[in-house]
Amino acid sequence: MAHQWRGVIREYIDRLPFQESDPIITLGEGGTPLIEAPALAKLLDVGSVHLKFEGMNPTGSFKDRGMTTAVSKAAAHGAQAVIAASTGNTSAAAAAYAVKAGMQSVVLVPAGKISWGKLSQAVAHKAQILQVRGNFDDCLRMARDLSENYPVFLVNSVNPDRLQGQKTASFEVVDVLGDAPDLHAMPLGNAGNISAYHLGYREEVEVGRIKKLPRLFGIQAAGSAPFIQGSPVAKPETIATAIRIGNPASWDLAQEAKRDTNGGFGSVTDKEILWMHRFLSQETGVFVEPSSATGAAGLYKLAKQGELPKVDRVVVTVTGHGLKDPDWALKDESGRKIKPKKVSATAQAVAEVLGLERNK
Ligand code: F0G
């Protein structure tokens with residue numbers, strides 16, 4: 001019988017703080033494809049690029065990896081309700097895993113600043129959704145306060161159980177490539193993900209599956225780039241709403257990931273993000289949400305400036321599915337709405353519009 005992927009906890013149980021007898025709340029997350037992208041390798045002028053397509057997780061983003069571990073631990077503690085601050089993806093994952101666990105979920109999101117795809121997921125999974133008049137950083141401050149003083153369990157990535165789950169993405173890259181890449185890039189927001197990849201790759205070195213760490217690169221949106229500025233940004237702004245974060249919680253861990261791996265931070269404008277968003281769709285066949293194009297956009301910018309390190313093998317994590325925030329795909333380069341042509345219901349009408357000549 002075909003083997004079904006069992007979710008990251010069961011697949012990597014010997015590398016995680018879990019035992020088979022623990023409650024394991026899973027939707028089958030992880031095991032996402034690592035897709036070779038020759039068009040991007042050519043653009044960057046490197047040997048190879050693989051996209052780690054995290055949009056293939058059950059709720060459409062990498063957050064599911066950390067949510068299975070966080071909600072499973074919450075279940076072990078007898079929690080009745082989980083709480084999360086979110087720019088959208090964490091709330092979708094928290095809501096779905098809470099349903100699986102038979103718990104309530106409460107999500108705090110910045111009012112009007114999360115994509116409707118993500119909002120619809122939280123609604124579908126009957127989260128109690130509160131739109132906060134503030135940004136993500138305000139939501140996280142409130143979620144922390146609430147979890148310390150009320151019976152709600154925090155499932156943001158400041159909860160170390162989250163990073164445990166998310167580190168499994170590094171394991172999967174090594175499983176497939178048989179080694180670490182030379183360089184691994186990703187979008188950088190609250191900094192949980194880069195910290196988790198660092199943790200995962202470090203453990204791979206410790207167990208002897210790889211010899212050296214990949215250089216980790218975290219890329220931010222220019223209007224929301226505290227790691228480039230060197231201090232928190234009071235009013236972060238970007239169309240990449242998933243990473244519209246001014247005061248990243250895992251600041252020190254991300255700095256450590258950069259230092260320890262000889263990595264780097266970069267930033268790209270919204271225009272550069274949208275350019276790469278379109279390039280990935282049109283040239284690699286991988287449809288991601290705009291925020292998720294940020295890692296590749298950052299590498300392209302470095303390459304154009306002649307500042308991309310001379311490396312052979314590159315992995316870029318694309319963090320969320322394009323259907324999360326599809327409006328951007330329906331606009332052309334100058335922001336005009338794209339409307340597919342209407343035709344009469346005959347084959348001939350279609351052939352005329354396409355300029356096709358009838359077969360001889
Ligand atoms: N990409 C996507 C699609 C995200 O949703 C996020 C974060 C990131 C990248 C950045 O990852 O925060 O670990 O550095 N989204 C969080 C949320 C903040 O609430 O969904 P990070």
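Located above this text is the structure these notes cover.
Now for a quick tour of the structure. Every value quoted in this text rests on a predicted model; they were computed, and no experiment measured them.

Criteria and thresholds
- Residues numbered from 1 in each chain as written.
- Predicted model: local features only at pLDDT ≥ 70, side-chain atom pairs only at ≥ 80, totals over all residues.
- Heavy atoms only, no water.
- Buried < 20%, exposed > 50% of the residue type's maximum accessible area, 1.4 Å probe, protein only.
- Helix = DSSP H or I, 4+ residues; strand = E, 2+ residues; numbered from the N terminus.
- Pairing = 2+ DSSP bridges.
- Contact = heavy atoms within 4.5 Å.
- Patch = residues over 30% accessible without salt bridge, like charges linked within 9 Å, V, L, I, M, F, W, Y side chains within 5 Å.
- Areas by Shrake-Rupley, 256 points an atom, 1.4 Å probe, with all protein chains shown as cover.
- Salt bridge = Lys/Arg side-chain N within 4 Å of Asp/Glu carboxyl O.
- Near = heavy atom within 4 Å.
- Polar contact = N/O pair within 3.5 Å; in protein donor to acceptor, adjacent residues only side chain to side chain.
- 1 Å grid on protein atoms, 1.4 Å probe; cavity = no way out; pocket = protein on both sides within 12 Å on 5 of 7 lines; lining within 4 Å.
- Sits in = over half its atoms within 2 Å of the grid points.
- Nonpolar A, V, L, I, M, F, W, Y, C, P; charged D, E, K, R; others polar.
- Phe/Tyr/Trp six-rings, centres within 6.5 Å; stacked < 30°, edge-to-face > 60°.
- Lys NZ or Arg CZ within 6 Å of the ring centre and 35° of its normal.
- Axes fitted to C-alpha atoms, helices over the stretch in contact; angles between N-to-C directions.
- Core = buried A, V, L, I, M, F, W, Y, C linked by side-chain atoms within 4.5 Å.
- Parallel < 35°, antiparallel > 145°, perpendicular 65-115°, else oblique.
- Left-handed = near helix turned anticlockwise from the far one by under 90°.

Moving on to the pairing of strand E2 (residues 48–53). Consecutive side chains along a regular strand alternate between the two faces of the sheet. Buried residues dominate E2, accounting for 6 of its 6 residues. Here strand E1 (residues 34–36) pairs with E2 via 3 bridges, running antiparallel. Bridge pairing in E2 links Leu-34 to Lys-52. With 6 bridges connecting them, E2 and strand E10 (residues 313–318) associate as parallel partners. What sits directly across from His-50, in E10, is Val-315.

This part covers the side chain of Ser-195. By secondary structure assignment, the location of Ser-195 is in helix H9 (residues 192–206). A relative accessible area of 6% places Ser-195 in the buried class. Apart from residues no more than four positions distant in its own chain, Ser-195 is found in contact with Leu-163, Ser-250, Leu-253 and Ala-254.

Further remarks concern a nonpolar patch on the surface. A cluster of nonpolar side chains, Val-343, Val-350, Val-353, Leu-354 and Leu-356, forms an exposed patch at the surface whose accessible area comes to about 430 Å². Along the chain, Leu-354 turns up in helix H14 (residues 347–354).

Further remarks concern the site of the ligand. Around the ligand, the structure places 20 residues, and the nearest of them are Ser-86, Thr-87, Asn-190, Ala-191 and Thr-319. At 2.7 Å, a backbone N or O of Ala-191 approaches an oxygen atom of the ligand. The side chain of Thr-319 places a nitrogen or oxygen atom 2.6 Å from a nitrogen atom of the ligand. Because more than half of its atoms lie within 2 Å of the grid, the ligand is assigned to the largest cavity. When residues of the shell around the ligand are traced back to their parent elements, those giving at least two are helix H4 (89–101) and H9. Per-class residue counts for the shell around the ligand are 7 nonpolar, 11 polar and 2 charged.

With that settled, the discussion passes to the packing of aromatic side chains. Where two aromatic rings form a pair, the distance of their centres and the angle of their planes describe that pair. Across all of its chains, the model carries 7 aromatic pairs by this definition. Here Trp-5 and Tyr-12 contribute two aromatic rings whose centre-to-centre distance is 6.3 Å and whose plane-to-plane angle is 70 degrees, an arrangement assigned as edge-to-face. Arranged with centres 5.5 Å apart and planes meeting at 15 degrees, the rings of Trp-275 and Phe-279 form a pair that is stacked. Taken together, the residues Trp-275 and Phe-279, both in helix H12 (residues 270–284) and 4 residues apart, mark about one turn of the helix. Accessibility expressed as a relative area gives 37% for Trp-275, which makes it partly exposed. Each residue in the set Trp-5, Tyr-12 and Phe-171 is aromatic and connected to the rest through ring pairs, giving one cluster. If you follow Lys-331 out to its NZ or CZ, it ends over the ring of Trp-328, 4.2 Å from the centre.

A few words now on the sheet that holds strand E9 (residues 264–268). Strand order in the open sheet formed by 6 strands is E1-E2-E10-E7-E8-E9, with mixed pairing between adjacent strands. With one partner strand each, in any of the chains shown, E1 and E9 form the two edges of the open sheet. The mean angle between the axes of side-by-side strands here comes to 25 degrees, regardless of whether they run parallel or antiparallel. On top of the sheet, helix H8 (residues 168–177) reaches E1, E2, strand E7 (183–187) and E10; it is set at about 135 degrees to E2, its chief contact.

Here the focus is the nonpolar core. A general feature of soluble globular proteins is that nonpolar side chains tend to end up buried together. Membership of the largest hydrophobic core comes to 33 residues, with the highest contact counts inside it found for Leu-40, Met-276 and Leu-299. Elements represented by at least two residues in this core include exactly helix H2 (38–44), E2, E7, strand E8 (215–221), H12, helix H13 (294–304) and E10. In terms of residue count, H13 provides more of this core than any other element does, 5 residues in total. Beyond its immediate sequence surroundings of up to four residues, Leu-40 is in contact with Val-49, Leu-51, Met-276, Phe-279, Leu-280 and Ala-296. With 20 residues, the next largest nonpolar core counts Ala-191, Phe-227, Ala-254 and Phe-265 among its residues.

It is worth spelling out the packing of H9 against helix H11 (residues 251–261) at this point. Two measures define how a pair of helices packs: the angle their axes make with one another and the distance between the axes. In contact at an axis separation of 8 Å, H9 and H11 are set at 45 degrees when each is read in the N-to-C sense. The angle between the axes of H9 and H11 places the two elements in the oblique class. With respect to the hand of their crossing, H9 and H11 are arranged in left-handed fashion. Residues Ile-194, Ser-195, His-198 and Arg-202 of H9 lie in contact with H11, whose contacting residues are Leu-253, Ala-254, Glu-256, Ala-257, Asp-260 and Thr-261. Taken together, the residues of the contact of H9 with H11 sort by class into 4 nonpolar, 3 polar and 3 charged.

Between H4 and helix H5 (residues 116–124), the shortest axis-to-axis distance is 8 Å and the interhelical angle comes to 20 degrees. The orientation of H4 relative to H5 falls into the category roughly parallel. Like other packed secondary-structure pairs, H4 and H5 cross with a definite hand, here left-handed. Along its contact with H4, which presents Asn-89, Ser-91, Ala-92 and Ala-95, the element H5 presents Lys-118, Gln-121 and Ala-122.

Function cannot be read off these values alone, since they describe shape.
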